[in-house]
Amino acid sequence: KNQVEQSPQSLIILEGKNCTLQCNYTVSPFSNLRWYKQDTGRGPVSLTIMTFSENTKSNGRYTATLDADTKQSSLHITASQLSDSASYICVVSLGGSYIPTFGRGTSLIVHP
Amino acid sequence: NAGVTQTPKFQVLKTGQSMTLQCAQDMNHNSMYWYRQDPGMGLRLIYYSASEGTTDKGEVPNGYNVSRLNKREFSLRLESAAPSQTSVYFCASRTTGDEAFFGQGTRLTVV
């Protein structure tokens, strides 16, 4: 069964600190992996996409990594800001499928 | 630059009432989706439409129906609302393998 597991379920950090969110997947055949950010009361918005051949990709203070061999991805947030408080969702797309597989998300709270 | 537009944003229904959630996208995407999001459950797929003229069930279709009216519009209907359908509903559109764009959500409460 295609699954996407995220950890931790929730995380609280102080403003300015770094953090790393994890995503493990069993989706096959793999097409790509996206990280989405969902602010409270809003729909998810894509942060970054990783394809099979990519190991690392950055988007400002967000850096995503992908290990296709172990089927793991991480999202690293550097120098966190209060606006980073949100849910971060890992989504894996299967080759040839219209239906991406969603993780349940990690809820991040950044305290001043 | 509207993207995906959902209406209404909030709705309160009594058990047994019916309603239709509307969704429209202006990005010329072929595929459209309806999800529900409940605390601790993540986004769960209700129905999707791979292209104009087709619809298919997702993970949690019971109690819902959909209509792909044209390429732009994809509606979700609750024929007889139940308290278990209290949730936040999101419409999304995407091209195959590409980024999904979500609407702002509809917060539905069934009492």
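Preceding this section is the structure that the text describes.
Let me begin by describing the structure that accompanies this report.

### A short note on the interface of chain B and chain A
And then number 1: Across the boundary between the two partners, chain B contributes 22 residues, which contact 17 residues of chain A.
And then number 2: Regarding the contact of chain B and chain A, the summed buried area is about 1700 Å², with carbon and sulfur atoms giving 52% of it.
And then number 3: Remark: the boundary between chain B and chain A carries zero salt bridges.
And then number 4: Linking chain B with chain A are eight residue pairs in polar contact (both at pLDDT 80 or more), by the criterion used here.
And then number 5: Of all the secondary-structure elements, those providing two or more residues to the side of chain B that touches chain A are strand 4 (31–38), strand 5 (42–49) and strand 9 (87–94) of chain B.

### With respect to the environment of Ser83(A)
Residue and element names in this part refer to chain A.
And then number 1: Along the chain, Ser-83 turns up in the loop between strand 8 (72–77) and strand 9 (86–94).
And then number 2: We classify Ser-83 as partly exposed; its relative accessible area is 45%.
And then number 3: C-alpha of Ser-83 to C-alpha of Asp-39: the two residues are 44 residues apart in sequence and 8.8 Å apart in space.
And then number 4: Here Ser-83 is in contact with Lys-37 and Asp-39, once residues within four sequence places are set aside.

### Considering the nonpolar core
And then number 1: Counting 24 residues, the largest nonpolar core has Tyr25(A), Leu33(A), Trp35(A), Leu75(A), Tyr88(A) and Val92(A) as its most contacted members.
And then number 2: Listing elements by their share of this core, those giving two or more residues are strand 3 (19–25), strand 4 (30–38), strand 5 (45–51), strand 7 (62–67), strand 8, strand 9 and strand 11 (106–111) of chain A.
And then number 3: The greatest single-element share of this core, amounting to five residues, is contributed by strand 9 of chain A.
And then number 4: For Leu33(A), the residues in contact, after removing those within four places along its chain, are Cys23(A), Tyr25(A), Thr48(A), Ile49(A), Met50(A), Leu66(A), Ser73(A), Cys90(A), Val91(A) and Val92(A).
And then number 5: Listed in part, the 20 residues of the second largest apolar core include Leu13(B), Cys23(B), Trp34(B) and Leu108(B).

### A closer look at the side chain of Gln6(B)
All names here are of chain B.
And then number 1: Within the secondary structure layout, Gln-6 lies in strand 1 (residues 4–7).
And then number 2: Among the polar contacts made by the side chain of Gln-6, one reaches the main-chain amide nitrogen of Gly-105 at a distance of 3.1 Å.
And then number 3: Every residue in contact with Gln-6, bar those within four places of it in the chain, is listed here: Gln-22, Trp-34, Tyr-89, Phe-90, Cys-91, Gly-103, Gln-104, Gly-105 and Thr-106.

Thresholds, definitions, all that
Residues numbered from 1 in each chain as written. Chains lettered and ligands numbered in written order. Predicted model: local features only at pLDDT ≥ 70, side-chain atom pairs only at ≥ 80, totals over all residues. Heavy atoms only, no water. Contact = heavy atoms within 4.5 Å. Buried area = accessible area lost by both parts, 1.4 Å probe. Salt bridge = Lys/Arg side-chain N within 4 Å of Asp/Glu carboxyl O. Polar contact = N/O pair within 3.5 Å; in protein donor to acceptor, adjacent residues only side chain to side chain. Helix = DSSP H or I, 4+ residues; strand = E, 2+ residues; numbered from the N terminus. Buried < 20%, exposed > 50% of the residue type's maximum accessible area, 1.4 Å probe, protein only. Core = buried A, V, L, I, M, F, W, Y, C linked by side-chain atoms within 4.5 Å.

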